[in-house]
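Overview (structure and organization)
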Amino acid sequence: MKTIVYIICDTRSGSTLLGDMLSKSPDVFFGGELQNIGGYLYEKGTGASWNYSCSCGDSLRCCQFWRKILSNRNIMNFDKKFDTLIEWKFNKRFAIRYLISLKKNNYIKKLLKNSCKKRILNNIENLYETIFSIGKSKYIIDSSKRPWQALQIYKYTSFKIKFIYLKRDIKAVTISKLKWDKCQSSIYKQATYFFSTYVYNLICCRMIKMINPHNLMEITYENLTKNPKESISLIFDFLGIENYYFSKYMDCKKGHSIGGTPTRFKKRPIIYDERWKNEIEKMPMLKVLGKYFG
Ligand SMILES: [Zn+2]
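We now turn to the structure provided with this report. (Residues numbered from 1 in each chain as written. Predicted model: local features only at pLDDT ≥ 70, side-chain atom pairs only at ≥ 80, totals over all residues. Heavy atoms only, no water.)

Some points on the coordination of the zinc ion
Protein ligation of the zinc ion involves Cys-54 (SG), Cys-56 (SG), Cys-63 (SG) and His-256 (ND1), the donor distances falling in the range 2.1 to 2.3 Å. The coordination sphere of the zinc ion comprises four donor atoms, whose angles at the metal cover 93 to 119°; the geometry is tetrahedral. Positions of the donor residues of the zinc ion along the chain correspond to the pattern C-x1-C-x6-C-x192-H. This pair shows no difference in class: Cys-54 is buried, exactly as Cys-63 is. (Donors = N, O, S within 2.8 Å, 3.2 Å for Na, K, Ca; no water. Tetrahedral: all angles 85-135°; square planar, octahedral: opposite > 155°, others 65-115°. Buried < 20%, exposed > 50% of the residue type's maximum accessible area, 1.4 Å probe, protein only.)

Below, the structure is given as structure tokens:
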């Protein structure tokens, strides 16, 4: 049965690595962050630093895979902008409101209801269907990350969906985000980035409870990178895929995925990245926050 595998996680948590590892099966197509396809097509939002190119290095309109997908009439309706992103304003104000809200489940359900857009969900369904028909794969890996996007797809599309919740130490995620935005030295930024990462994590934990446990697997970045062979074998078991091989390298250039870590254009060995442990030594406040909330 055609199955979508949706990776839920925060940014800087290893979803590109996981997607690439799962693409080592002929039954699997790793599409990357499929929620951003509209942004890539119209060159808006994340992706500007690599010219909105596919992991193969070509632009979406030139890439041999995406060119076929995007020329499909179900996808390209030139009267309308093609978009697959379910917008949800996750910002400081939202995070504070969520924390002080007494009925958190109701708060989330209300937001899910308000962010549900039939047109977008229809686009997502058409995109998956077209990838299945052109790519001939049985599984599509969508590493769009956001749990609200995941739940809308779970509720409103007709595909079988399996979820992988990929967790990483929130101190490591915070430091990686600070580095990416080049603001490690600002104490204010350290606190706000940590706070939003912490709340995002709480929301993920709450939202995955809305998924049938049979369709959900939880894994940590630390385990995935320290024991990659064992971890990936457990995930393939969970997905019911027998035909795969294990590679010691992340090598996205061979595939056609959208978005993900900026390092994906180079072949890299799979290693546990613990550089943040040295960097946190220069950030005493973050260390304290991590100790109490991490
Ligand atoms: Zn490509």
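Points about the packing of aromatic side chains
In this description, an aromatic ring pair is defined by two values, namely the gap between the centres and the angle between the planes. The tally for this structure, following the rule as stated, stands at 17 aromatic pairs. With a centroid separation of 5.0 Å and 90° between ring planes, the pair formed by Tyr-154 and Phe-163 is classed as edge-to-face. With a relative accessible area of 25%, Tyr-154 lands in the partly exposed category. Feature note: the residues Trp-88, Phe-94, Tyr-98, Tyr-107, Trp-148 and Tyr-200 constitute an aromatic cluster, connected by ring pairs. Just above the ring of Tyr-98 sits the side chain of Lys-104; from NZ or CZ to the centre is 5.5 Å. In this structure, Lys-162 is placed above the aromatic ring of Phe-238, and the distance from its NZ or CZ to the ring centre is 4.7 Å. (Phe/Tyr/Trp six-rings, centres within 6.5 Å; stacked < 30°, edge-to-face > 60°. Lys NZ or Arg CZ within 6 Å of the ring centre and 35° of its normal.)

So, the pattern of salt bridges
Tallying each qualifying case throughout the model produces eleven salt bridges. We note a salt bridge from Lys-145 to Glu-33, for which the minimum N-O separation is 2.3 Å. Taken together, the positions of Lys-145 in strand 3 (residues 139-145) and Glu-33 in the loop between strand 2 (28-32) and helix 2 (37-41) put the pair 112 residues apart, joining distant regions of the chain. Like Lys-145, the residue Glu-33 is buried in the burial classification. (Salt bridge = Lys/Arg side-chain N within 4 Å of Asp/Glu carboxyl O. Helix = DSSP H or I, 4+ residues; strand = E, 2+ residues; numbered from the N terminus.)

Remarks on the state of the cysteines
Per the stated rule, a full pass over the model turns up zero disulfides. You can see Cys-9 has no disulfide; the closest cysteine sulfur is in Cys-204, sitting 7.8 Å from it. For Cys-9, a relative accessible area of 0% gives the class buried. As a non-bridged cysteine, Cys-205 has Cys-204 as the owner of its nearest cysteine sulfur, 6.8 Å distant. (Disulfide = S-S within 2.5 Å.)

With respect to the nonpolar core
Ile-8, Leu-60, Trp-66, Leu-127, Tyr-128 and Ile-131 are the most contacted members of the largest nonpolar core, which totals 54 residues. The element best represented in this core is helix 6 (residues 118-135), accounting for seven residues. For Leu-60, the contacting residues outside a window of four places in its chain are Ile-37, Tyr-40, Leu-41, Tyr-52, Cys-54, Trp-66, Arg-67, Leu-70 and Ile-258. (Core = buried A, V, L, I, M, F, W, Y, C linked by side-chain atoms within 4.5 Å. Contact = heavy atoms within 4.5 Å.)

Description of the environment of Tyr-188
Note on placement: Tyr-188 falls in helix 9 (residues 187-207). Along the backbone, Tyr-188 and Asp-58 are 130 residues apart, and their C-alpha atoms lie at a distance of 38 Å. At a separation of 2.8 Å, a polar atom in the side chain of Tyr-188 contacts the side chain of Lys-92. (Polar contact = N/O pair within 3.5 Å; in protein donor to acceptor, adjacent residues only side chain to side chain.)

Details of the packing of helix 5 (residues 104-115) against helix 9
Packing of helix 5 against helix 9 leaves a shortest axis separation of 11 Å and a crossing angle of 85°. With respect to their mutual orientation, helix 5 and helix 9 come out roughly perpendicular. Together, Lys-104, Asn-105, Ile-108 and Leu-112 of helix 5 and Ile-203, Arg-206 and Met-207 of helix 9 make up the contact between the two elements. Across the contact of helix 5 with helix 9, the residue classes break down as four nonpolar, one polar and two charged. (Axes fitted to C-alpha atoms, helices over the stretch in contact; angles between N-to-C directions. Parallel < 35°, antiparallel > 145°, perpendicular 65-115°, else oblique. Nonpolar A, V, L, I, M, F, W, Y, C, P; charged D, E, K, R; others polar.)

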